[in-house]
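Structure assessment
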Amino acid sequence: MTAETITREIKVHRPVARDSEPALPAGHWSVAAVQALLDKPLMALLYEAQTVHRQHWPEGDIELATLLSVKTGGCPENCGYCPQSAEFDTGVKAEKIMTVDEVVLAATAARDAGATRFCMGAAWRAPKDRDVEKVAAMVSAVRGLGMQTCATLGMLGPHHAQQLRDAGLDYYNHNLDTAPDYYGEIVDTRTYQDRLDTLQHVRGAGISVCCGGIVGMGEAPVHRAGLLAQLANLSPYPESVPINSLVRVPGTPLADAPPIDPLDFVRVIAVARIIMPRARVRLSAGRQQLGEAVQALCFMAGANSIFFGDKLLVTGNPDVEADTLLLRKLGLNARRTQEQEACA
């Protein structure tokens, strides 16, 4: 069974050109208002989220995105969740950046498996000029395969953002991680404002924003509300919102963090859908530990994007066959580009 099996009959869905995409509105949500949503009875919250989802996403398709680490390990940051930090002994070794040919090979395999967006991640604090030149070449090559492109390379200045935009970059991922008032518990080598500045530079270059966070890092419920409010109040709010459940990696400071209650994770998905109705809400890291039933609730709550493949940077991810089977069980269709339809 392949991803092609479940997508053959789906209506063609061509990505809208970036220059014609309307900006998504800001939400002006208070933390208290978001917390009130998180506190609603679960069935009522799911009903509200599903209602919003059906209104704004009538096709009900699921975006399949694949993430490749094009430069692994050796990052000088000390993000407490990250196995790629040079400060932590996690068994992840620093590697050189991949070649364009290697990236194209991986992207082609991802496209053939059903992915429509290809994300390239590099473990840098901020890329240098030569780094951006190499990633720009990767972006151009992947765009040539008919896929949407995304990159996550650390902090980005205006010049580098424009260079990546000129190469054809569709999305830039730069997560806020958590609420502003909990951020210092997770990382102190980069400020919250640094992250907001990068998002501003990306927007200024005309690149769509992929921005979300991580739950299960020992934060209180109010911090989850704070993160969601921060995301919704970005002007405009992100086109893609990845919600990650912490993957507790031995050797990182958060290795022993208590796991988030699965239903609390579903609540975060549902509220993200309600307050950012036109964003792609993505089930990201930690999906492997949720199980099929919780993932089904997340789709019901409005998640309409997943990372698709056997690895998410350097941690495990449900494999292609398992995801294909799950989508078929739930009667969900994978989003498909016109280029993929033409090759079917």
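You'll find the structure just up there.
Below is a short write-up of the structure.

Examining the overall build of the chain
- When helices and strands are tallied, the chain shows 12 helices and 11 strands.
- Counting the 344 residues in the chain, one finds 56% classified as buried.
- Taking the contacts inside the chain whose residues are at least 6 apart along the sequence as the reference set, 78% of them involve residues at least 24 apart.
- Carbon and sulfur atoms form 54% of the exposed surface of the chain, whose accessible area is close to 14200 Å².

Brief notes about the packing of helix α5 (residues 129-143) against helix α6 (residues 158-167)
- Here α5 crosses α6 at 20°, and the two axes come no closer than 8 Å. Between α5 and α6, the angle is such that the two are roughly parallel. Both α5 and α6 take part in a crossing whose hand is right-handed. Contacts between α5 and α6 involve D129, V132, E133, V135, A136, V139 and S140 on the former and, on the latter, H160, Q163, L164 and A167.
- Along the lines of polarity and charge, the residues of the contact of α5 with α6 split into six nonpolar, three polar and two charged.

Re the packing of aromatic side chains
- Tallying each qualifying case throughout the model produces one aromatic pair.
- Here Y183 and Y192 contribute two aromatic rings whose centre-to-centre distance is 5.2 Å and whose plane-to-plane angle is 85°, an arrangement assigned as edge-to-face.
- Owing to a relative accessible area of 11%, Y192 belongs among the buried residues under this scheme.
- A cation sits over an aromatic face here: R117 above Y171, 3.6 Å from the ring centre.
- Directly above the ring of F307 sits R282, whose terminal nitrogen or CZ lies 4.6 Å from the centroid.

A few points about the pairing of strand β3 (residues 148-152)
- Taken across its five residues, β3 has five buried, putting it largely inside the fold.
- Of the two faces of β3, the one lined by Q148, C150 and T152 and the one lined by T149 and A151 are each fully buried.
- Regarding the hand of the β-α-β motif, the stretch spanning strand β2 (residues 117-122), α5 and β3 is right-handed.
- Regarding the hand of the β-α-β motif, the stretch spanning β3, α6 and strand β4 (residues 171-173) is right-handed.

Calculation rules
- Residues numbered from 1 in each chain as written.
- Predicted model: local features only at pLDDT ≥ 70, side-chain atom pairs only at ≥ 80, totals over all residues.
- Heavy atoms only, no water.
- Helix = DSSP H or I, 4+ residues; strand = E, 2+ residues; numbered from the N terminus.
- Buried < 20%, exposed > 50% of the residue type's maximum accessible area, 1.4 Å probe, protein only.
- Contact = heavy atoms within 4.5 Å.
- Areas by Shrake-Rupley, 256 points an atom, 1.4 Å probe, with all protein chains shown as cover.
- Axes fitted to C-alpha atoms, helices over the stretch in contact; angles between N-to-C directions.
- Parallel < 35°, antiparallel > 145°, perpendicular 65-115°, else oblique.
- Left-handed = near helix turned anticlockwise from the far one by under 90°.
- Nonpolar A, V, L, I, M, F, W, Y, C, P; charged D, E, K, R; others polar.
- Phe/Tyr/Trp six-rings, centres within 6.5 Å; stacked < 30°, edge-to-face > 60°.
- Lys NZ or Arg CZ within 6 Å of the ring centre and 35° of its normal.
- Right-handed = clockwise from strand over helix to strand, strands pointing away.

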